[in-house]
Amino acid sequence: MSTTSVHAGWDARDAHGSVVPPIYATSAYAHSGHASLKALFARESEGFAYSRSGNPTTAVLEQRIAALEGGIGAIAVASGQAATTIALCALLEPGTHVVASSRLYGGTTEFLGDTLVDLQVSWSAVDPWNVDAWRAAIRPETRVVLLESIANPGAELADLDAISAIAHEHGAVVVVDSTLASPALYRPGEHGADVVVHSATKYLAGHGTTIAGLIVDTGSFDPRRCPERWPRLTTPNERFHVTFADEYEAGGAGLLGFARAKYVTDFGATLPAQSARDVLVGIETLDLRLERISAHAEQIARSLQGAEGIARVNHPSAPGRADAHLAARDFPRGTSGVFSIDLEGGEAAAAAFCDALSVFTLAVNIGDVRSLVCHPATTTHSHLSMEQRAACGVGEGTVRLSIGLEDVDDLLSDLQRGLAAARTARDAGPSGAEPGDA
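The notes below deal with the structure included here. Each chain has its residues counted from 1, running along the sequence as written. Per-residue local features of the predicted model are confined to residues with pLDDT of at least 70, and side-chain atom pairs are confined, for both listing and counting, to 80 or more; whole-chain, interface and lining totals are unaffected and use all residues. Only hydrogens and water are set aside when side-chain values are computed; all heavy atoms of the structure are taken into account.

A few words on the sheet that holds strand β4 (residues 142-148). Any two strands are treated as partners once DSSP identifies two or more bridges connecting them. Helix and strand assignments follow DSSP, with helices taken as H or I runs no shorter than four residues and strands as E runs no shorter than two, numbered in order from the N terminus. Ordered in space as β1-β7-β6-β5-β4-β2-β3, the seven strands form an open sheet in which the pairing is mixed. Strands at the two margins of the open sheet, each flanked by one partner only, are β1 (73-77) and β3 (122-126). Ignoring strand direction, the axes of neighbouring strands in this sheet form an average angle of 20°. Judged from the five bridges that link them, β4 and strand β5 (residues 173-177) form a sheet pairing that is parallel. Its bridge partner being in β5, Val-144 is matched across the sheet by Val-173. Along the sheet, helix α7 (residues 160-169) makes contact with β4 and β5, crossing β5 at roughly 150°. Only the stretch in contact is used when fitting a helix axis, every axis being a line fitted to C-alpha atoms; angles between N-to-C directions are given from 0 to 180 degrees. Two residues form a contact once any of their heavy atoms are found within 4.5 Å.

See below:
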């Protein structure tokens, strides 16, 4: 993992011997003759014409994440939200259906319930821990099963092996958002995922400097097995004059070819070369960062168990968690630094807790080297209904923590200051609703 994180996708024996992948700060690329550029647009050769659809620096990032995830190809895009949007748009048509985990990032849930509905795609939400519910929710028109490898914000783990088996029985593609795990902790393709998406903004970049997204084809999906379910991939495309599924014959990823040609280009969801370079630099230390962050997060989660003012600690190490066996089986290196706590006293206690912290930064990002905190009910999940927030494990007193690389004793001391403030706020007013009360 560490070797791949440093070397994959780049050969230092380039034209100038650059040890580090350079930033290709260019909008377009010169060609030696008419035939070269014509062949590129006809998809008869590979290369670069215009940076809206590809750049040599982003190509290194794509090769590196594909190697880390064990995939056959990848696309780098402008954000994690763009990665999810483009992956799903490439797989779905009007009249199709998605089965999704109820424990998703708020922005993903909003996309499913708003924008995809506008595109005449329906969806159903299921409890990720109830394997039978996944089977029951699948319909003949279901094309995608969507979940997170580690859920945001409650760090719930799902039995991806079992869910993938069910999805594949019904010809559905399994799409996994693995932002919180990253390939340093978990590779969804080894557990049945067909497509993996990342908000590379988080652990992959790791330093809070860059917005980026990635889509990986793990190589297990081949639309030619059931061509009638995937006509946009298995029939000639009138716009591009190719059949994208044919690219699998040569070991390529036809799904990614279609997604890049149509959606990355049309949406303009381009990742700048500078951003790609920032993510590449972050990936070089991914393995080390995730090992320490995961260990410190578990230590902190255990120390918070039973603390006065905390109704629940939402971490896989918490006593009685239904996913404890999955943590032991699938996540031997840890479950990242993101988890949540439910405070007694509702929003008032959560606000007092956040405002009292000085080492933790109040911000809506996660996966940074800095420890971060936010109140999901009024930020990341604020546009969801009370019922949707409850299904996500987000109550009025829920606070999301993202553990960074600071000294763990400093973090524990800071949390104690926050808890003292939360208890004072709780005792001063009526208690708010906890997850599941809605």
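What follows deals with the pairing of strand β6 (residues 195-199). Here's how the labels work: a residue is buried when its accessible area is under 20% of the maximum for its type, exposed when over 50%, partly exposed in between, all with a 1.4 Å probe on protein chains only. For β6, the buried fraction is high: five of the five residues fall into the buried class. Across the two faces of β6 the burial is the same, with Val-195, Val-197 and Ser-199 and Val-196 and His-198 all buried. Direction of pairing for β5 relative to β6: parallel, over a ladder of three bridges. Pairing of Val-175 across the sheet is with Val-195, part of β6. Where β6 lies against strand β7 (residues 213-217), five bridges are found, and the strand directions are antiparallel. When the sheet's bridge partners are listed, Val-197 is paired in β7 with Ile-215.

Of all residues except glycine, most have a negative phi; of all peptide bonds, most are trans. The peptide bond linking Asn-152 to Pro-153 adopts the cis configuration, its omega dihedral lying at 15°. You can see Pro-153 is positioned in the loop between β4 and α7. Unlike most non-glycine residues, Arg-43 shows phi in positive territory, near 60°. Within the element layout of this structure, Arg-43 appears in the loop between α2 (34-41) and α3 (56-69).

Our focus in this paragraph is the packing of α3 against helix α11 (residues 273-283). In the contact formed by α3 and α11, the axes pass within 8 Å of each other and the chain directions differ by 35°. Where α3 crosses over α11, the handedness of that crossing is left-handed. Along its contact with α3, which presents Thr-57, Thr-58, Val-60, Leu-61, Arg-64 and Leu-68, the element α11 presents Ala-273, Ala-276, Arg-277, Val-279, Leu-280 and Ile-283. Each residue is assigned to one class: nonpolar for Ala, Val, Leu, Ile, Met, Phe, Trp, Tyr, Cys and Pro, charged for Asp, Glu, Lys and Arg, and polar for all the others, Gly among them. Split by residue class, the contact of α3 with α11 holds eight nonpolar, two polar and two charged. Should the near helix be turned counterclockwise from the far one by less than a right angle, the crossing is left-handed, whereas a clockwise turn marks it as right-handed.

Let's shift gears to the sheet that holds strand β9 (residues 338-343). Pairing between the strands of a sheet is mediated by backbone hydrogen bonds and can be parallel or antiparallel. Taken together, the five strands give an open sheet; going across it, the order is β8-β9-β12-β11-β10, and neighbouring strands pair in mixed fashion. At either end of the open sheet lies a strand with only one pairing partner, and these are β8 (310-314) and β10 (361-362). Here β8 runs beside β9; their pairing, made up of four bridges, is antiparallel. Opposite Asn-314, over in β9, you have Ser-340 as the bridge partner. Against the sheet, helix α12 (residues 286-304) touches β8, β9 and β12 (398-402), its axis set at about 15° to β9.

Our next topic: the pattern of salt bridges. Between side chains of opposite charge, a pair can form as their charged atoms come close. Here, a salt bridge means any Lys or Arg side-chain nitrogen found within 4 Å of an Asp or Glu carboxyl oxygen. Following the criterion strictly, the structure yields 23 salt bridges and no others. For Glu-62, the salt bridge is made with Arg-260, and the minimal N-O distance between the two is 3.2 Å. One end of the pair, Glu-62, is in helix α3; the other, Arg-260, is in helix α10 (residues 254-267), and 198 residues separate them in sequence. Assessed through its relative accessible area of 23%, Arg-260 is described here as partly exposed. Residue Glu-291 pairs with Arg-333 through a salt bridge whose shortest N-O separation is 3.9 Å. Pair noted here: Glu-291 is in helix α12 and Arg-333 is in the loop between α13 (324-330) and β9, with a separation of 42 residues, a long-range link. Residue classification places Glu-291 among the partly exposed residues on the basis of a relative accessible area of 43%. Residues joined by salt bridges that share partners form a network here, namely Asp-159, Asp-161, Arg-329 and Asp-330.

Function cannot be inferred from these measures alone, as they are strictly geometric.
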